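What follows is each chain in one-letter form.
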Amino acid sequence: MDVPLVKQDIQQEARRLFEKQRQFASRMAQTTASERIERLNRLYNYLLSHLEEAQEATYRDFRKPAAETMLGEIYVLTSEIKYTSKHLRRWMKPQKVPTPLGAIGTSSYIQYEAKGNALIISPWNYPINLALKPLISAIAAGCVAIIKPSELTPHSSAFVRKVVEAVFPPEEVAVMEGGMDVSQALLALPFNHIFFTGSPQVGKIVMKAAAEHLASVTLELGGKSPTIVDETADIAATAQKIAWGKFLNNGQTCIAPDYVMVHSGVKSRFIDEFRKAVASMYNQDGKPTEDSDSYARIVNDRHFQRLKSYLDDAINKGASVELGGKTIAADNFIEPTLITGVNDSMMLMQEEIFGPLLPVMEYHDLREAVNYINAHEKPLALYVHSRSDRNADYVLSSTSAGNALVNELLFQFGNPEIPFGGVNNSGIGKSNGYFGFQEFSNAKGVMKRKFGTTRFLYPPYTDKIKKLLNFMVRYL
């Protein structure tokens, strides 16, 4: 059994690992595409050979169903590795760019080089996925990395450490487990890039620490991701999608629909279909949801109490529970819960919910919904359910969000062809495929002179040079 480190020991261990990796960073940056792919393949093969162990770890932490571990933790990683391995050689090649007339005689290209020492701070809600997916991009870019997984999911964090120690030597990738003191010790070090996934509040702390060393950051944060359901939507299919997207991982997903805005003309139908969807997913054979093996739990008592306080506050201020509402404190259990009659005075409409509570608001005109969204912080995700292209395009063009999906939920995270990430309060920087590779890389512009000279622009600045510059300003 590992003995917990005291604060001074933690600082020394963090510094030791950091320096060990800094000495190796230049060697890692020089690795070829084949060498990086070989490292990714080792990670891929280890994950495939330890699937049951991953499922056991996440189940022990918060009773995550095995199927959700396969989908939300493992599949995302294996598909990202395969995609990255397929395209990495092309990403690493110098990218030629055109030569402007004013630079005639030169050739230019962009060369992606590793940023160097990377720090990955991952959260508890998808503890394997969100620790290792940024690592895939870091390895692809040629970076060394230290991962700090969440202390709230100790079994999953231990699994991440086991994976890393089995696949990588510590000078390439290392894991430091622990709490806030470990994060503080790591954030005090001069990393070249920090990749953080978590809340906007903690993201500000990370960004402030990064500023001390002028380190670049990727901040995958969160916020209140809205879902609009208009009067043209396929209500039955939409209710099923929203129920799945909301209650996957017990609602503890940063891109889960945080609240739903439903057109007044279809609100009643939506609630009826939502009840049916939840029953079909979690109440088969008439059994209560707490007996379902397809429903995870809140990660700990603190988050359970937080969510229960949101629910109690909403009810006390006049909200109505249309579905669910049952809680079992001893099991960190909260039923899939649908709430109407909500307003901005309620806590669940002020903070990201991050749990199985779904507020429903109604609107009469689509402009109402758009205006409400725009009056709040820019979300990580925006979902629109409509069979009207005009309505969907209006929402997309009138709002700002990290990602936007029409008639679908959550799949943006697993699509390597599009960038994933937030905007302003919901995040900085992007991940997924090539975009993740770019985050851990410096796009170095290179120019080479092939012929000609610019000596005719050197001092002294004669009338001839001044005329030439005047011509260049006007015509080149």
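Look up a bit, the structure's there.
The shown structure was predicted, so the numbers you read here are calculated from the model rather than taken from an experiment.

What counts, and where the lines are drawn
Residues numbered from 1 in each chain as written. Predicted model: local features only at pLDDT ≥ 70, side-chain atom pairs only at ≥ 80, totals over all residues. Heavy atoms only, no water. Pairing = 2+ DSSP bridges. Helix = DSSP H or I, 4+ residues; strand = E, 2+ residues; numbered from the N terminus. Axes fitted to C-alpha atoms, helices over the stretch in contact; angles between N-to-C directions. Contact = heavy atoms within 4.5 Å. Expected span 1.5 Å × (residues − 1). Buried < 20%, exposed > 50% of the residue type's maximum accessible area, 1.4 Å probe, protein only. Polar contact = N/O pair within 3.5 Å; in protein donor to acceptor, adjacent residues only side chain to side chain.

**A short note on the sheet that holds strand β2 (residues 106-114)**
Here comes step 1: On the basis of which strands lie adjacent, the open sheet formed by three strands has the order β1-β2-β18 and antiparallel pairing. Of all strands in the sheet, those with a lone pairing partner are β1 (95-97) and β18 (441-449), marking the two edges. The average undirected angle you get between the axes of adjacent strands in this sheet is 30°.
Here comes step 2: As judged from the three bridges shared by β1 and β2, these two strands associate in the antiparallel manner. By the bridge assignment, valine 97 is partnered in β2 with serine 108.

**Here we look at the sheet that holds strand β14 (residues 357-363)**
Here comes step 1: The mixed open sheet is built from seven strands, whose spatial order is β10-β13-β14-β9-β8-β15-β16. Among the strands making up the open sheet, the edge pair consists of β10 (320-323) and β16 (403-406). Averaged over neighbouring strand pairs, the angle between their axes works out to 25° when direction is ignored.
Here comes step 2: Relative to β16, strand β15 (residues 381-385) is paired through four bridges, and the arrangement is parallel. Across the sheet, the residue bridging to leucine 382 is alanine 404, located in β16.
Here comes step 3: Contacts from helix α10 (residues 267-282) reach β8 (226-229), β9 (259-263), β10, β13 (337-340) and β14 within the one sheet, and its direction differs from that of β10 by about 55°.
Here comes step 4: Contacting β10, β13 and β14, helix α11 (residues 301-316) crosses the sheet at an angle of about 35° to β14.

**A few points about α11**
Here comes step 1: Counted at 1.5 Å a residue, the expected span for α11 with its 16 residues is 22 Å, and the 22 Å between its end C-alpha atoms agrees.
Here comes step 2: Within the span of α11, buried status applies to His303, Phe304, Leu307, Tyr310, Leu311, Asp313 and Ala314.
Here comes step 3: Check the buried side of α11 and you find it contacts β10, β11 (327-328), β12 (333-334), β13 and β14.
Here comes step 4: A side-chain oxygen of the first residue of α11 lies 3.3 Å from the backbone nitrogen of arginine 302; this N-cap is asparagine 300.

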